[in-house]
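# A closer look at the structure
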Amino acid sequence: MLRAVSVALLVVLLETRGSEILNDAHIYRSFASDEIVPEVVDEAPDCWLRVSYKSGREAEGGNRLTPTQTRSIPSITFNANDRSFYSLIMTDPDAPSRDDPKHREFVHWIVGNIQGNDLERADTIVEYFGAAPPKGTGLHRFVFLLYEHSERLDFANEPRLSRNCRNPRRYFSTKNFARKYGLTNLWAGNYFQALYDDYVPILQGQLSECTEYANRTDWSEEWNRVRRLSGNNSN
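I will try to describe carefully the structure that is included in this document. Every residue gets a number counted from 1 within its own chain, in the order that chain's sequence is written. Thresholds applied to this predicted model are a pLDDT of at least 70 for local features of residues and 80 or more for the giving and counting of side-chain atom pairs; totals over whole chains, interfaces and linings are not thresholded and use all residues. Excluded from the side-chain calculation are hydrogens and water; included are all heavy atoms of the structure.

### Structural notes on the nonpolar core
In this structure, Phe31, Val41, Ile110, Leu145, Tyr147 and Phe177 are the most contacted members of the largest nonpolar core, which totals 28 residues. Put simply, the parts of the chain that give this core at least two residues each are helix H3 (26-33), helix H4 (36-39), strand S6 (106-114), strand S7 (123-126), strand S8 (140-149), helix H5 (174-180) and strand S9 (185-194). At three residues, S8 tops the list of elements feeding residues into this core. Residues Val51, Tyr53, Leu65 and Phe142 belong to the second largest nonpolar core, which totals 23 residues. We define a nonpolar core as any set of buried Ala, Val, Leu, Ile, Met, Phe, Trp, Tyr and Cys residues linked to one another through side-chain atoms lying within 4.5 Å. Three exposure classes are used, based on accessible area relative to the maximum for each residue type with a 1.4 Å probe and protein chains only: buried under 20%, partly exposed in between, and exposed over 50%. Numbering of helices and strands starts at the N terminus; helices are DSSP runs of H or I of at least 4 residues and strands are runs of E of at least 2.

### Topic: the pairing of S6
With nine of nine residues buried, S6 lies mostly within the body of the structure. Bridge count between strand S5 (residues 85-92) and S6: six bridges; the pairing is antiparallel. Within S6, the position partnered with Tyr86 by the bridge is Ile114. Here S6 runs beside S7; their pairing, made up of three bridges, is antiparallel. Paired with Val111 across the bridge in S7 is Thr124. DSSP bridges decide pairing: two strands pair if at least two such bridges lie between them.

### Structural notes on the pattern of salt bridges
Salt bridges are identified by distance alone: a Lys or Arg side-chain nitrogen within 4 Å of an Asp or Glu carboxyl oxygen. According to the stated counting rule, one finds 11 salt bridges in the structure shown. Salt bridges sharing common partners tie together Glu39, Asp94, Arg104 and Arg141.

### Details of the packing of aromatic side chains
Side-chain rings of Phe, Tyr and Trp (the six-membered ring for Trp) are treated as a pair once their centres are within 6.5 Å; stacked means planes under 30 degrees apart, edge-to-face means over 60, and tilted covers the remaining angles. According to the stated counting rule, one finds 13 aromatic pairs in the structure shown. Geometrically, the ring pair formed by Phe31 and Trp48 is edge-to-face, given 6.4 Å between the ring centres and 65 degrees between the ring planes. Note that Phe31 is positioned in helix H3 and Trp48 in strand S1 (residues 47-48), a separation of 17 residues in sequence. Taken individually, Phe31 and Trp48 each receive the classification buried, so the pair is uniform in this respect. Relative to Phe177, the ring of Phe155 lies with its centre 6.1 Å away and its plane at 5 degrees, an arrangement referred to as stacked. Of this pair, Phe155 sits in the loop between S8 and H5 while Phe177 sits in helix H5, placing them 22 residues apart in sequence. On the accessibility criterion, Phe155 (1% relative accessible area) is buried. Judged by relative accessible area, which is 1%, Phe177 ranks as buried. Members of the aromatic cluster, each reached through a chain of ring pairs, are Tyr53, Phe142, Phe144 and Phe192. Placement of a positive charge over a ring is assigned whenever Lys NZ or Arg CZ falls within 6 Å of the ring centre and within 35 degrees of the normal to the ring plane. The side chain of Arg71 reaches across the aromatic face of Tyr199, ending 5.1 Å from its centre.

These figures come from the coordinates and say nothing about function on their own.
Structure (structure tokens):
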């Protein structure tokens, strides 16, 4: 009888979404074990961000999803303070591969000045581009980070990237972007991992070098300048 109850309980747990099983205490261990801390951020957020795709899949603290499953813009839900603003970053620190991240980071999505959970009325700086790890480069981590801030931020000088623009998505630095805008309260986060699949060439074929950024300082140079001025040489 006890064995039957145990098996039944296990089935229920397996059918429950991972993001609901994981409590917030797990986020510190998860971010550290997959080296998001310190490679992307210095400290883990306090709670999980819910990231849900139209494919029915969710980011669940490092679970494996496919580029096909993550090609559409996900819904983002979190417990928001009515008087606060939030800014969201999605980044891949494993460009072109985790073993050789010489293009770290490749930014996939930035939305600023979110109120409540309303991303449609927020300030989209970088349009969403789904997971597209190149063939033969192994698993990539795709990290979502949500920062809380008390006032609306001015992102007027940031390049607005359409989903088809490759440059300057490369050489992004979450740490430098956060430093630049005084984003000190990492409110929530989550991540998944992905390998190449047959949808990647379709995504990559949609990218182009956008000529409107040819004559301006790209993000890597700007954030390297900020890093030098701050005396901080971390990624």
